[in-house]
Amino acid sequence: MKVLISGAGVAGPTLAYWLAHYGLKPTIIEAARRLRTGGYIIDFWGAGFEIAERMGLLAEISSRGYMVREVTVVNRRGKHSSWRTASCKR
């Protein structure tokens with residue numbers, strides 16, 4: 001079965017991988033005229049690690065990325081809100 005996927009961001013190729021894995025024939029289309037040259041920022045929370053591992057990509061992603069341990073958001077009044085990312089530590 002042929003499947004058309006709209007979007008070559010992170011989700012499109014991931015979906016194409018799994019569809020091909022299960023025997024379908026995916027084709028990805030993208031509105032952008034060219035691929036980004038600066039890469040993508042991909043954050044992993046919980047299931048992202050498991051999916052990357054199942055795809056055989058976790059070691060490569062881990063070797064090229066970095067682990068965020070805390071995110072701080074500052075509102076217009078200068079008030080800080082922080083979240084620790086303990087749930088995504090590997």
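In this report, the structure presented in the accompanying data block is examined. Remember, predicted model here, so these are calculated numbers, not experimental data.

Calculation notes
- Every chain begins its residue count from 1, and numbering advances along the sequence as written.
- pLDDT decides what is reported in this predicted model: residues at 70 or higher carry local features, side-chain atom pairs at 80 or more are listed and counted, and totals for whole chains, interfaces and linings draw on all residues regardless.
- Neither water nor hydrogens contribute to the side-chain values; these are computed over all heavy atoms in the structure.
- Aromatic pairs are defined between Phe, Tyr and Trp rings, using the six-membered ring for Trp, whenever the two ring centres lie within 6.5 Å; interplanar angles under 30 degrees are classed as stacked, those over 60 as edge-to-face, and all others as tilted.
- Salt bridges are identified by distance alone: a Lys or Arg side-chain nitrogen within 4 Å of an Asp or Glu carboxyl oxygen.
- Elements are defined by DSSP. Helices are runs of H or I of four residues or more, strands are runs of E of two residues or more, and each kind is numbered from the N terminus.
- Residue burial is assigned from relative accessible area. The probe radius is 1.4 Å, only protein chains are included, and a residue is buried under 20% of its type maximum, exposed over 50%, and partly exposed in between.

**A closer look at the packing of aromatic side chains**
Alright, step 1. Per the stated rule, a full pass over the model turns up 2 aromatic pairs.
Alright, step 2. Counting every residue linked through ring pairs, the aromatic cluster contains Y17, W18 and Y22.

**Some points on the pattern of salt bridges**
Pairing between side chains becomes possible if they bear opposite charge and their charged atoms approach one another.
Alright, step 1. One pass over the full model with this rule turns up 2 salt bridges.
Alright, step 2. Its salt-bridge partner being R54, residue E50 comes within 2.5 Å of it at the nearest N-O pair. Linking E50 with R54, this pair stays in helix α2 (residues 47-54), spanning 4 residues, or about one helical turn.
Alright, step 3. R54 gets classed as exposed once you look at its relative accessible area, which sits at 58%.
Alright, step 4. Residue E60 is joined to R64 by a salt bridge in which the shortest nitrogen-to-oxygen separation is 2.4 Å. You can see E60 and its partner R64 sitting in helix α3 (residues 58-64), 4 residues apart, about one turn around the helix.
Alright, step 5. By relative accessible area, which is 69% here, R64 ends up exposed.

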